[in-house]
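# Results of the structural survey
What follows is the residue order along each chain.
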Amino acid sequence: MRASRFFISTLKEAPADAEIISHQLMMRAGMIKRLGSGIYTYMPMGLRVIRKVENIVREEMNRAGAIELLMPLVQPAELWQETGRWDKMGPELMRVKDRHGRDFAIQPTSEEVITDVVRSEIKSYKKLPVNFYHIQTKFRDERRPRFGLMRGREFTMKDAYSFDRDVAGMQQSYQVMYDAYVRIFNRFGLQFRAVAADNGAIGGSGSHEFHVIADTGEDALVYCPQSDYAANMEAAEALAPTGVRAAASADLVKTATPGKSKCEDVAALLGLPLAATVKSIVLAVDSEEDDKTATQIWLLLLRGDHELNEVKATKVPGLANFRFASEAEIVDHFGTPPGYLGPVGPRKPVKIVADRTVVAMSDFVCGANEPGFHYTGANWERDIAEPLVADLRNVVAGDPSPDGKGDLAIQRGIEVGHVFQLGTRYSQDMQATYLDETGKPQLMQMGCYGIGVTRILGAAIEQNFDDKGIIWPASIAPFEVVLCPMGYDRSEAVKAETDRLYQELLDAGVDAILDDRGERPGAMFADWELIGVPHRIVIGERGLKDGKLEYQGRRDAEATSVPPADMAVFMK
Ligand code: ATP
Ligand code: MG
Ligand code: MG
Ligand code: MG
């Protein structure tokens, strides 16, 4: 590729809404362009990365015996009604009507459609097992789209679905996918961890998430350095004797009755006596978005019986710290009685912690960020809710590992893949059966397997960047090597050597870009460092006189003089 014929558009500053480094750098490097909330155009530079990610995924899926097809984006509601997901899924499922008033879903995944394909196409045990996949656009009307491609509303996912005759077969298909995922994430060159995930109603050990390790990750991962125990926080807490279960939060929130405190609702739902358990005030964020965190706090309070002793300092900048000796003092300070739910008197950001238990929280509403009134410049989840929830955890670093082999450690991760044993969850509702050897119909055993293709870009950058920009792993870089000639249009020698080397690299199958835009060296280098191309070769007249070119890897502190013949070696 010649840069003059490609589209390159870099920015000095990231837009203000880009909160995390990967979003900022992708915007600055011209990889994506925002069209609406959680909706992005994949610009040419970004699309090259997406295609490389897709190709690796496709190669490994094919290698693992999965078969590619492509299912529609727009899917009839009838199929979604068969499995009950039309009603169960809530507002995250995007629904549209056609001109005849018929309902459709824009797919967030494709269990229903693939099960429909298989139930009509596959009748006999002889055609099983089978695993179909596609790489397709998804739409999820996320409550809080953010961080660029990391949590988009429209995004690309690879989703695969396996169909087996029995549970043992399903488990085997699952293992094949698990192994393929390990190969895929290794080929991306990313540091990752597979963790057991809670698969709720289906039970068993039938679900794992794959996480790219990054401090900015939304998920907490619990692992034991002395053994292979690894689980996401929810699954780890499910095992912990006093675990707080956040899973029910959505249902709990729905139970809130107008005029009644949510605390009472939650207490009723859990069958706990309110008066006996809630000793201190319960004040929470009253914006709907923060219900999940708030519910966890209520649950904790309901487990109750905590002595309020110290008010811990908090890491959130600007948060006021208070020290209260008694509940009466808290009540006095806020001017609200225990159990009151709603905005707190002084509307100051407050976090009050007793041991690991949050006992009061004001309604410093994140979304509004109104100057002089609300807490400004904060990201609710990252700066406030996340540390709060971390304090609420019943599993903390240093706890004994459930396998008894050591102590637990915690790190943060970005969920980039998820494999799941579904059993007959969908085949039952949709009557996906096959005839066994004796001619008897049997339900198919299913598995499903997702990879967040576009999320990989964000995750890769969170793990690989410096103050100059992105540092792509070579396997998914938009270009593997950039040739930067000094005076391409002025020096015959430079032009000749650049063209020769460029052709040689292309012939060797190296994805090279020649920067023939005529930019000043400083600007040219800054662009490619920002874009994150892993290898750079500078071709200049002075070096050529000594028979040398300059090579610099994106992580190298300085360039090395290298004879042209050695270039290919340097890059592989
Ligand atoms: P999350 O917990 O981040 O909301 P999820 O568990 O809802 O993700 P799955 O249904 O397991 O997601 O989908 C499979 C994969 O799709 C995820 O592991 C993730 O990599 C990707 N993914 C899910 N939601 C999004 C999104 N909004 N934007 C980009 N990728 C996503
Ligand atoms: Mg989700
Ligand atoms: Mg998840
Ligand atoms: Mg998931």
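Residues numbered from 1 in each chain as written. Chains lettered and ligands numbered in written order. Predicted model: local features only at pLDDT ≥ 70, side-chain atom pairs only at ≥ 80, totals over all residues.

## Regarding the overall build of the protein chain
The test is simple: What counts as a helix is a DSSP run of H or I of at least four residues, what counts as a strand is a run of E of at least two, and both are numbered from the N terminus. Buried means a residue has 20 or more other C-beta atoms within 10 Å of its own C-beta, exposed means 12 or fewer, and partly exposed covers the counts in between; C-beta atoms are placed from the backbone.
Check the secondary structure of the protein chain and you find 19 helices and 25 strands. Burial status across the protein chain gives 41% buried among its 572 residues.

## Side note on the environment of Gln175
Secondary-structure assignment places Gln175 in helix 6 (residues 167-187). Residues Gln175 and Arg520, spaced 345 residues apart in sequence, show a C-alpha to C-alpha distance of 53 Å.

## Focus on the pairing of strand 7 (residues 130-139)
Applicable threshold: Here, any two strands with at least 2 DSSP bridges between them count as paired.
Pairing of strand 3 (residues 67-68) with strand 7, which is carried by two bridges, proceeds in the parallel orientation. Pairing of Ile67 across the sheet is with Phe132, part of strand 7.

## Digging into the environment of Gly406
To be explicit about the condition: Once C-beta atoms are placed from the backbone, any two residues with those atoms within 7 Å are in contact.
You can see Gly406 is positioned in the loop between helix 13 (380-392) and strand 15 (409-423). For Gly406, a count of 14 C-beta atoms within 10 Å translates into the label partly exposed. On a C-alpha basis, the gap between Gly406 and Gly518 in space is 59 Å, while along the polypeptide they are 112 residues apart. Contact partners of Gly406, with chain neighbours within four places excluded, come to Cys224, Pro225, Gln226, Ser227 and Ser401.

## A few points about the site of ligand 1
Formally: Being near a molecule or strand means, for a residue, that its backbone-placed C-beta atom lies within 6 Å of it. All residues other than Ala, Val, Leu, Ile, Met, Phe, Trp, Tyr, Cys, Pro, Asp, Glu, Lys and Arg, Gly among them, are scored as polar; the first ten of these are nonpolar and the last four charged.
Around ligand 1 sit 14 residues, and of these Phe155, His418, Gly450, Gly452 and Arg455 come closest. If you list the elements that add at least two residues to the shell around ligand 1, you get strand 8 (154-164), strand 15, strand 18 (445-452) and helix 15 (453-463). Considered class by class, the residues forming the shell around ligand 1 number three nonpolar, six polar and five charged.

## Looking at the sheet that holds strand 23 (residues 535-539)
This is how it is decided: Every angle, taken between N-to-C directions, lies between 0 and 180 degrees, and every axis is a line fitted to C-alpha atoms, over only the stretch in contact when it is a helix.
The sheet built from five strands is open, its strands ordered 22-21-23-24-25 with mixed pairing. Strand pairing shows two members of the sheet lacking a second neighbour, strand 22 (512-514) and strand 25 (560-562), which therefore form its edges. Between one strand and the next, the sheet's axes are offset by a mean angle of 25 degrees, whatever the strand orientation. The pairing of strand 23 with strand 24 (residues 549-553) spans four bridges and is antiparallel. Bridging from a neighbouring strand, Arg536 pairs with Gln552 of strand 24. Most of the contacts of helix 16 (residues 492-507) go to strand 21 (residues 481-485), to which it runs at about 170 degrees, and overall it touches strand 21, strand 22 and strand 23.

## Some words on helix 2 (residues 44-63)
Convention followed: Helix span is expected to be 1.5 Å times the residue number reduced by one.
Helix length check: helix 2, at 20 residues, gives a terminal C-alpha distance of 28 Å against a target of 28 Å (1.5 Å per residue), a fit within 8%. Buried residues of helix 2: Met45, Gly46, Arg48, Val49, Ile50, Lys52, Val53, Ile56, Val57, Glu60 and Met61, and no others. A positive backbone phi angle near 90 degrees is found at Gly65, which sits one or two residues after helix 2.

## A word on the nonpolar core
The test is simple: A set of buried residues qualifies as a nonpolar core if it consists of Ala, Val, Leu, Ile, Met, Phe, Trp, Tyr and Cys joined through C-beta atoms within 7 Å.
Judged by nonpolar contacts, the single largest core of 89 residues is most densely connected at Met26, Ala460, Leu483 and Ile537. If we skip the residues at most four places from it in the chain, Ala460 touches Phe188, Leu190, Trp472, Pro473 and Ile476.

## Looking at the environment of Arg58
Tracing the backbone shows Arg58 in helix 2. Separated by 60 residues in the primary sequence, Arg58 and Val118 have C-alpha atoms spaced 21 Å apart. Contacts of Arg58, omitting those with residues within four sequence positions, involve Glu68 and Ile135.

## Let's talk about the packing of helix 2 against helix 15
For clarity, the threshold we go by: Roughly parallel refers to an angle under 35 degrees, roughly antiparallel to one over 145, roughly perpendicular to one between 65 and 115, and oblique to any angle outside these ranges. Two helices crossing with the near one rotated counterclockwise from the far one by less than a right angle form a left-handed crossing, whereas a clockwise rotation gives a right-handed crossing.
As a packed pair, helix 2 and helix 15 sit with axes 9 Å apart at the nearest point and diverge in direction by 110 degrees. Relative to helix 15, helix 2 is oriented roughly perpendicular. Seen from above, helix 2 lies across helix 15 with right-handed handedness. Residue-level inspection shows Gly46, Val49, Ile50, Val53, Glu54 and Val57 of helix 2 in contact with helix 15, the latter providing Val453, Thr454, Ile456 and Leu457. In terms of residue class, the contact of helix 2 with helix 15 is made up of seven nonpolar, two polar and one charged.

## With respect to the sheet that holds strand 4 (residues 74-76)
Reading across the sheet, the three strands line up as 4-6-5 and stay open at both edges, with antiparallel pairing between neighbours. In the strand order of this sheet, the two ends are held by strand 4 and strand 5 (94-97), each with one partner. Strand-to-strand twist in this sheet, taken as the mean axis angle between neighbours without regard to direction, amounts to 40 degrees. Note: strand 4 against strand 6 (residues 103-106), three bridges, orientation antiparallel. What sits directly across from Pro76, in strand 6, is Phe104.

## Details of unusual backbone geometry
Here the amide bond leading from Leu128 into Pro129 is cis, since omega sits at 0 degrees, within 30 degrees of zero. Among the secondary structure elements, Pro129 is positioned in the loop between helix 5 (111-121) and strand 7. For Gln431, which is not glycine, the phi torsion reads 50 degrees and is therefore positive. Relative to the helices and strands, Gln431 resides in the loop between helix 14 (425-430) and strand 16 (433-435). The exposure class of Gln431 is exposed, given the 12 C-beta atoms found within 10 Å.

## Some points on the pairing of strand 6
In terms of strand pairing, strand 5 meets strand 6 through four bridges, oriented antiparallel. Considered in strand 6, the bridge of Arg95 is made with Ala105.

## Observations regarding the packing of helix 2 against helix 6
Direction vectors running N to C along helix 2 and helix 6 enclose 150 degrees, while the axes themselves pass 10 Å from each other. As far as their axial angle goes, helix 6 and helix 2 are roughly antiparallel. Classified by chirality, the crossing of helix 6 by helix 2 is right-handed. Within the contact between the two elements, helix 2 uses Ile56, Val57, Glu60 and Met61 and helix 6 uses Ala180, Arg183, Ile184 and Arg187. In terms of residue class, the contact of helix 2 with helix 6 is built from five nonpolar, no polar and three charged.

## A few points about the confidence of the model for the protein chain
Counted only if it meets this: For every residue, the pLDDT score states the predictor's confidence, bounded by 0 at the bottom and 100 at the top.
Looking at the protein chain as a whole, its pLDDT mean stands at 79, while 71% of the residues score no less than 70. Confidence drops under pLDDT 50 across residues 241-325; counting only partners more than four residues distant or on other chains, this segment forms 161 contacts. Under a pLDDT of 50 for its full length, residues 334-385 has, in the predicted model, 121 contacts with residues more than four places off or in other chains. Here the predicted complex scores 0.79 on pTM and 0.99 on ipTM.

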